[in-house]
Amino acid sequence: MSTAYFSKRSVMATCIIFTVTVLWVTSSECAQIPHLRKQGTAVQLIVDDVPFLIFGGELGNSSASNLDYMKAQWPKLVTLNLNTVLAPVYWDLIEPQEGNFDFTLVDGLIREARRHNLRLVLLWFASFKNSMSCYAPIWVKANQPRFPRAQNKEGRGKEIVSVFSEENCAADARAFTALMKHLRQVDGETHTVIMVQVENEMGMIPEARDYCDAANDLFSKPVPKELMDYLVQNKNALIPEFRKTWAEAGFKTSGTWEEVFGEGLGTDEIFMAWHYARYTNRVVEAGKAEYPLPMFVNAALIRPGHQPGQYPSAGPLPHLMDIWRASGPQIDFFCPDIHFPNFAEWCENYHRSGNPLFIPEARREPQAAAKVFYAMGQHDAIGFCPFSIESTSNPENDPLGRAYDILSQLAPIILKHQGKGTMAGALLDKDHPTQQIKLGDYALKVSHDYTWSWSSGWGESGQWPRAGGLFISTGPDEYIIAGTGIIVTFAPNSPGDPIAGIASIQEGRYVEGRWVPGRWMNGDQSHQGRHLRIPANSFGIQRIKLYRYH
Ligand code: DGJ
């Protein structure tokens, strides 16, 4: 046997071993646990190592309590083009006896979500669900001496477990730990579950604070040093509404709650927020120690003019965000459940001070389809989720499905532009018919389709569907525009010739990231070169090129 022959064989063998090793290593390497990552000013959710946008919907409260009931719901969710379902996990059903866990429902949800190619965000309905403790197991509810309740001024218990009880918090944290451990075991590699909401719309009602002995005692003591230090350190970056409260009480840096923040319901709420956040932080911390998925909390919003106690007070509301952050550092972000019509305002209120926007509940209505373009375009939203999504009666024709179809096509481009100042959104209705946007080298005037006298809806009954748009500046003189019910005109916003003209507009679709062109939108479709239009009640993507003249 010649040496040349020998070395050729050994080289081949080495190559085969190397290739097999590489293949084995690659296939056995699993993606990281879903996590959050910053990109410019945005916070992105990373799933299987790539940024992910949630086109979601939240199930009605009781739907996930029966797998047979859910059977008929999954196909609807797929037809609506969801990629993620928000589904409750009920403490009373997973721990019917203390220490005995039953994860049948959780496993069933994961199995069916995978079968339908969907991800899950689980909602931990435990100590608090819309203020109340209705999801606490009966062995908690019926043992008041061990699991004390919040009390009113007269000392009567409420159907709300007290955040001042160590035992309450420890029981919740143990159950949550068991859940997260189970998730790691059954889903730690597949990542069907991508985030967890801890509790649901916590808050005190109908009084702004708990009057149990432990609460009264702490309320008369000094504000914890941790909170004072946080406020002093972040004095100039505090949420303005909260800073104003502290300023009006004289910016004191020590004293009792009433000395530092003044007397009144607002101070009761601040005190409770600190303790709700502390309690939740412990639950989150315990769960993350087993399996550190991103974890967030959600808030019921305030009706105009309502005082603390008249709404679920002390939840993660914008004016309490600093308190929640100081007391709950393990909580990744704070979310609004937006069922009120002033959607844009609540988006702005939550997308501040480094908090990313994720909307775990939005009102389920045809207008939701316009809102999602705004939330993603203007606020780099991580996701959007109409509530009771399985109640959609005609999913084939629901506008949300059409919006999600378009946004799913654009997702890689949206994700590339998040946090870089190259993307914007608009949300229009009869009361807000136009919006000005400065983006790239142009100012865009975005108008509701019905402001145009040639539009088919003009002059009709007075009902204007909401219009929504997402705008991406993709290069000099170029934009991608998507949405429903919008008309866009352009004016230069940088040095050069002062008039903008339309070079071309093309409609189309993105298929696996590749642009598949449709019609050239000229003539009547661009009002003879005057504007770009996506009519009301239709959804589309158009790419426009501009030029300038004088
Ligand atoms: C807000 C709650 O978070 C949900 O669980 C649900 O009950 C809705 N309100 C109903 O609108």
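Please read all numbers here as calculations on a predicted model, not as lab measurements.

### Topic: the overall build of the protein chain
Link 1 in the chain: From N to C terminus, the protein chain includes 16 helices and 23 strands.
Link 2 in the chain: As displayed, the protein chain offers around 23800 Å² of accessible surface, 52% of which is attributable to carbon and sulfur atoms.

### Some thoughts on the domain arrangement of the protein chain
Link 1 in the chain: Along its sequence, the protein chain is carved into domain 1 (13-212 + 261-417) and domain 2 (423-549).
Link 2 in the chain: In this structure, domain 1 and domain 2 have C-alpha centres spaced 35 Å apart.
Link 3 in the chain: Contacts between domain 1 and domain 2 engage 24 residues on the former and 24 residues on the latter.
Link 4 in the chain: In total, about 2000 Å² of surface goes out of reach between domain 1 and domain 2, with carbon and sulfur atoms giving 70% of it.
Link 5 in the chain: Along the contact surface separating domain 1 from domain 2 lie 1 salt bridge.
Link 6 in the chain: Arg 509 is the salt-bridge partner of Asp 405, the closest N and O atoms lying 3.3 Å from each other.

### Focus on the side chain of Asn 83
Link 1 in the chain: Its location among the elements puts Asn 83 in the loop between helix H3 (74-79) and strand S5 (84-90).
Link 2 in the chain: Of note is the side chain of Asn 83, whose polar atom sits 2.8 Å from the backbone nitrogen of Phe 55.
Link 3 in the chain: Excluding residues that lie within four positions of it along the chain, Asn 83 makes contacts with Phe 52, Leu 53, Ile 54, Phe 55, Leu 118 and Arg 119.

### Observations regarding the pattern of salt bridges
Link 1 in the chain: Taken as a whole, this structure holds 24 salt bridges when the rule is applied.
Link 2 in the chain: Residue Arg 114 pairs with Asp 187 through a salt bridge whose shortest N-O separation is 2.6 Å. With Arg 114 in helix H5 (residues 104-115) and Asp 187 in helix H7 (residues 166-187), this pair connects stretches of sequence that are 73 residues apart.
Link 3 in the chain: Accessibility expressed as a relative area gives 34% for Arg 114, which makes it partly exposed.
Link 4 in the chain: Here Arg 278 and Glu 226 are joined by a salt bridge, their closest N and O atoms 3.8 Å apart.

### Digging into the sheet that holds strand S10 (residues 295-300)
Link 1 in the chain: The 8 strands lie next to each other as S4-S5-S6-S9-S10-S11-S12-S13, forming a closed barrel whose pairing is parallel. Within this sheet the neighbouring strands show an average axis-to-axis angle of 30 degrees, counted without direction.
Link 2 in the chain: Relative to strand S9 (residues 193-200), strand S6 (residues 119-129) runs parallel, the two being bridged by 6 bridges. Bridge assignment links Leu 122 to a residue of S9, and that residue is Val 196.
Link 3 in the chain: Packed on one face of the sheet, H7 meets S5, S6, S9 and S10 and runs near 170 degrees to S6.
Link 4 in the chain: Helix H14 (residues 343-350) contacts S10, strand S11 (333-338), strand S12 (358-362) and strand S13 (383-386) of the sheet and is inclined by roughly 170 degrees relative to S11.

### Thoughts on the side chain of Asn 355
Link 1 in the chain: Along the chain, Asn 355 falls in the loop between H14 and S12.
Link 2 in the chain: With a relative accessible area of 3%, Asn 355 lands in the buried category.
Link 3 in the chain: For Asn 355, the residues in contact, after removing those within four places along its chain, are Met 321, Arg 325, Phe 333, Phe 334 and Tyr 350.

### Here's the deal with the sheet that holds strand S18 (residues 478-484)
Link 1 in the chain: Spatial strand order, S14-S17-S18-S23-S20-S21: 6 strands in an open sheet with antiparallel pairing. Lying at the two open borders of the sheet, with one neighbouring strand each, are strand S14 (423-428) and strand S21 (514-520). Strand-to-strand twist in this sheet, taken as the mean axis angle between neighbours without regard to direction, amounts to 30 degrees.
Link 2 in the chain: Taken together, the 5 bridges between strand S20 (residues 499-511) and S21 define a ladder with antiparallel strand orientation. Counted as the bridge partner of Val 511 is Arg 514 from S21.
Link 3 in the chain: Strands in contact with helix H16 (residues 399-417) are S14, strand S17 (467-475), S18, S20 and strand S23 (540-549); relative to S17, the strand with the most contacts, it is inclined by about 45 degrees.

### Structural notes on the packing of helix H15 (residues 368-379) against H16
Link 1 in the chain: Relative orientation of the contacting elements H15 and H16 amounts to 25 degrees, with a least axis distance of 8 Å. One element, H15, and the other, H16, form an angle in the roughly parallel class. Here Ala 368, Ala 369, Val 372 and Phe 373 of H15 come into contact with H16, specifically with Pro 399, Leu 400, Ala 403, Tyr 404, Ile 406 and Leu 407.

### Overview of helix H9 (residues 225-233)
Note that an α-helix has 3.6 residues per turn; residues three or four places apart therefore point the same way.
Link 1 in the chain: Within the span of H9, buried status applies to Leu 227, Met 228, Tyr 230 and Leu 231. One side of H9 carries all its buried residues, which in axial view fall inside an arc of 160 degrees. Exposed side of H9, more than 90 degrees from the buried face: Lys 225 and Gln 233 are the residues found there.
Link 2 in the chain: In this structure, the buried side of H9 is in contact with helix H10 (240-248), helix H11 (257-261), helix H12 (265-290) and helix H13 (321-327).

### Focus on the environment of Val 223
Link 1 in the chain: Locating Val 223 in the fold gives a position in the loop between helix H8 (213-219) and H9.
Link 2 in the chain: Val 223 sits in the buried class, given a relative accessible area of 6%.
Link 3 in the chain: For the pair formed by Val 223 and Thr 253, sequence separation is 30 residues and the distance between their alpha carbons is 9.0 Å.
Link 4 in the chain: Look past the residues within four positions of Val 223 in its chain and what remains in contact with it is Met 228, Gly 255, Thr 256, Trp 257, Val 260 and Phe 261.

Analysis parameters
- Residues numbered from 1 in each chain as written.
- Predicted model: local features only at pLDDT ≥ 70, side-chain atom pairs only at ≥ 80, totals over all residues.
- Heavy atoms only, no water.
- Helix = DSSP H or I, 4+ residues; strand = E, 2+ residues; numbered from the N terminus.
- Areas by Shrake-Rupley, 256 points an atom, 1.4 Å probe, with all protein chains shown as cover.
- Domains from an automatic or database assignment.
- Contact = heavy atoms within 4.5 Å.
- Buried area = accessible area lost by both parts, 1.4 Å probe.
- Salt bridge = Lys/Arg side-chain N within 4 Å of Asp/Glu carboxyl O.
- Polar contact = N/O pair within 3.5 Å; in protein donor to acceptor, adjacent residues only side chain to side chain.
- Buried < 20%, exposed > 50% of the residue type's maximum accessible area, 1.4 Å probe, protein only.
- Pairing = 2+ DSSP bridges.
- Axes fitted to C-alpha atoms, helices over the stretch in contact; angles between N-to-C directions.
- Parallel < 35°, antiparallel > 145°, perpendicular 65-115°, else oblique.
- Arc of directions from axis to C-beta.

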